[in-house]
Every structure is written in structure tokens, then in C-alpha cells.
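Examining the three-dimensional arrangement
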Amino acid sequence: DPDSGENGLLLYSLVGGQTNEFDINENTGQIFTVSVAGKAGTFNLEVQAADQGIRRLTARTTVSVTVDSSSSSNIVMLVLNQKINIVDRKSAEVERVLEDKLGWNVYVVSIYSKELERTARSSSNETQVNIIAFDEAHQQVPAQDVKRSLRQQQGAIELELEKVFSASVSAAIGEAPAAAASPEPVAAIVLGVLLAATFIAFLAYVLMDLNRKRYTGKYGKQDLVKKVEIMEGIDNPWAVDKNGSLKSLEKPEHINN
């Protein structure tokens, strides 16, 4: 806008399209991603520029953003012994050094430090730089090829990075930690073990009960016959006589002393 003052001050905004996935810097018009995880394709955004005059004038245009479905398996982690805030500022120069030594187009996907606290961002001396490389045909370079080239050029890369950071630099290839099992499979495994243990205990109980019954069936009949023989000389205290009255609970005369 050639106007001066507020009439020439432009503010930018997203007024249409997938505004949940993108945002815009209202002062510079720079568009950046908010959340496109797991998504790929072309996103159409309607952008508006507006001056701040009394009679506010606006203009709109459509911006198409293409999100490449880069495979995370081809992302390589490079660990630098530098503070994350310094690496953030020097990321473009890190890309340039890597492109020069590896011979591919290199893009910094993310910069990360294990120190997540805000106060530690300038104190951690280990920063993970995740990169991905593309060849001249714009095809992703396999991670194993990138790692092999990094090992071969490690000394030359470190020398160039020392010029960038004005300090001694070590650049090592990092390995992403194995994904931890999710709570659902872990819970299922534990439940399966408990059920198996319960089943085994129940089966053992059934087998012991069967063995006990077999033992009783084999040896218990003789004891039962003996008990019956002993009881034959004693009136059943709960029996009734012909008249319906309870029999005497006294011992029969023939067994009195």
C-alpha cells in the first residue's frame, strides 16, 4: 500500500478455508501450520489484507498450501552439543552446511531439547535436530543412506558447524526411542495372565477333588459298612414306632452292662 500512516498500515487475516490447520501473522502475513498431523494434500486459504484508514480498504486472495506426506521413517536425528535457542537461530545455516556436505536438499523438520522447561531452554547443551533429505528428483532419500553419508562426512560437517556456532561442535546421529506399549495392550496382557492363572488354579482344584473322590470311593466303602454294623445295635433316635411315637433314646437292654 503506497499510502502513509495508518492508511498504509496493513493487517493480515485468514477469512476462509481450513483455518483450524493454519494461522497467519497479522503484521507480516506469514502463514504457518497449527495442526496438519497425519494430513496431506492441498489446503486452500482465503487471506485478507486491510489498511487501518478511516474508510477501511481490503483486498483478498486465495493461497494454496500443499502438505507433503513425508514418511517419518526417513527422518534422521542429528544431535548437536549446542543450546537449543542458538540452534533455532542458526537452523538455516545448519541446513546449508548439511546440503553442501551431503549433496542433497536438506530440510530441518523440527528442533527439540530434552529439557522441556522454559527456564532450561538456554541451559541444555544437547539439541536434537530432525532432518529429511530429498534428491534431485524430489524423492526422499532413505534414512539409512542419510546416516551413512553423515558418518562419512562427520568430520567435515563438524568443522563447518564450528564456524557457524563459533564453538567446538560434535554432531552425532541419534536414534529415536522405541515406542512404548500403549496402556490398552498392556492392560489386555495383564488381564490375560490373570485369567490364565485363575484357570490353572481352578483346573488344579478340580483334579485334586477328583482324586479325593476316587480315593474315597476305593477305600471308604469298608469304613461305611463298619459304621452300619456298629449302628445296627442302636435304635435310631429319630425313628418312630408303630404307634407313631418316638422310640426310646435309651440303650437297648441287650447292650446294658
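Residues numbered from 1 in each chain as written. Predicted model: local features only at pLDDT ≥ 70, side-chain atom pairs only at ≥ 80, totals over all residues. Heavy atoms only, no water.

- For the protein chain, an unreviewed UniProt entry supplies the name FAT4 protein and the organism Drymodes brunneopygia.
- Of the comments in the UniProt record for the protein chain, the one headed Subcellular location (unreviewed entry) reads "Membrane". (UniProt positions renumbered as here; feature names shortened; annotations may be inferred.)

1. A look at the overall build of the protein chain
- Each helix and strand counted, the protein chain has 5 helices and 9 strands in total.
- Beginning at the N terminus, the succession of helices and strands in the protein chain can be written as β-β-β-β-β-β-α-α-β-β-α-α-β-α.
- Residue burial in the protein chain is summarised as follows: out of 257 residues, 22% are buried.
- Here the analysis covers contacts within the protein chain between residues at least 6 apart in sequence; of these, 56% occur between residues at least 24 apart.
- When the accessible area of the protein chain is evaluated, it comes to approximately 18,600 Å², of which 54% is carbon and sulfur surface. (Helix = DSSP H or I, 4+ residues; strand = E, 2+ residues; numbered from the N terminus. Buried < 20%, exposed > 50% of the residue type's maximum accessible area, 1.4 Å probe, protein only. Contact = heavy atoms within 4.5 Å. Areas by Shrake-Rupley, 256 points an atom, 1.4 Å probe, with all protein chains shown as cover.)

2. Things to note about the sheet that holds strand 5 (residues 58-67)
- Taken in spatial order, the 3 strands of this open sheet run 1-4-5, and their pairing is antiparallel. The open sheet has two edge strands with one neighbour each: strand 1 (10-17) and strand 5. On average, each strand axis in the sheet is tilted by 30 degrees relative to the strand beside it, whichever way the strands run. (Pairing = 2+ DSSP bridges. Axes fitted to C-alpha atoms, helices over the stretch in contact; angles between N-to-C directions.)

3. Some points on the sheet that holds strand 8 (residues 127-134)
- In space, the 4 strands of this open sheet follow the order 7-8-6-9, with antiparallel pairing throughout. Single-partner strands in this sheet number two, and they are strand 7 (105-112) and strand 9 (171-174). Between one strand and the next, the sheet's axes are offset by a mean angle of 35 degrees, whatever the strand orientation.
- Examined bridge by bridge, strand 7 and strand 8 share 7 bridges and lie antiparallel to one another. Bridging across to strand 8, I111 finds its partner in V129.
- Across the sheet, helix 2 (residues 91-102) lies against strand 6 (76-80), strand 7 and strand 8, angled at about 140 degrees from strand 7, the strand it touches most.

4. A closer look at the pairing of strand 5
- As paired elements, strand 4 (residues 41-51) and strand 5 share 10 bridges and run antiparallel to each other. Looking across to strand 5, one finds that G41 is bridged to V67.
- The turn joining strand 4 and strand 5, which pair antiparallel and follow one another in sequence, is formed by 6 residues.

5. Overview of the packing of aromatic side chains
- On inspection of all chains with the given rule, the structure shows 2 aromatic pairs.
- Here F22 and F43 contribute two aromatic rings whose centre-to-centre distance is 5.3 Å and whose plane-to-plane angle is 65 degrees, an arrangement assigned as edge-to-face. Here the residue F22 occupies a position in strand 2 (residues 22-24), and F43 occupies one in strand 4, the gap between them amounting to 21 residues. Summarising the burial analysis for this pair, F22 and F43 share the class buried.
- Look at Y107 and F134: their rings are 5.7 Å apart centre to centre, the planes differ by 75 degrees, and that puts the pair in the edge-to-face class. Of the two residues, Y107 is situated in strand 7 and F134 in strand 8; the sequence distance between them amounts to 27 residues.
- Judged by relative accessible area, Y107 falls into the partly exposed class, the value being 45%. (Phe/Tyr/Trp six-rings, centres within 6.5 Å; stacked < 30°, edge-to-face > 60°.)

6. Looking at the nonpolar core
- Ranked by size, the top nonpolar core spans 22 residues in total, and within it L80, L98, L150, L161 and F165 carry the most contacts.
- Elements represented by at least two residues in this core include exactly strand 6, helix 2, strand 8, helix 3 (143-152) and helix 4 (154-165).
- For F165, the contacting residues outside a window of four places in its chain are L80, Q82, I86, V87, K90 and V94.
- Counting residues in each nonpolar core, the second largest holds 7 residues, with I24, F43, L45 and V47 among its members. (Core = buried A, V, L, I, M, F, W, Y, C linked by side-chain atoms within 4.5 Å.)

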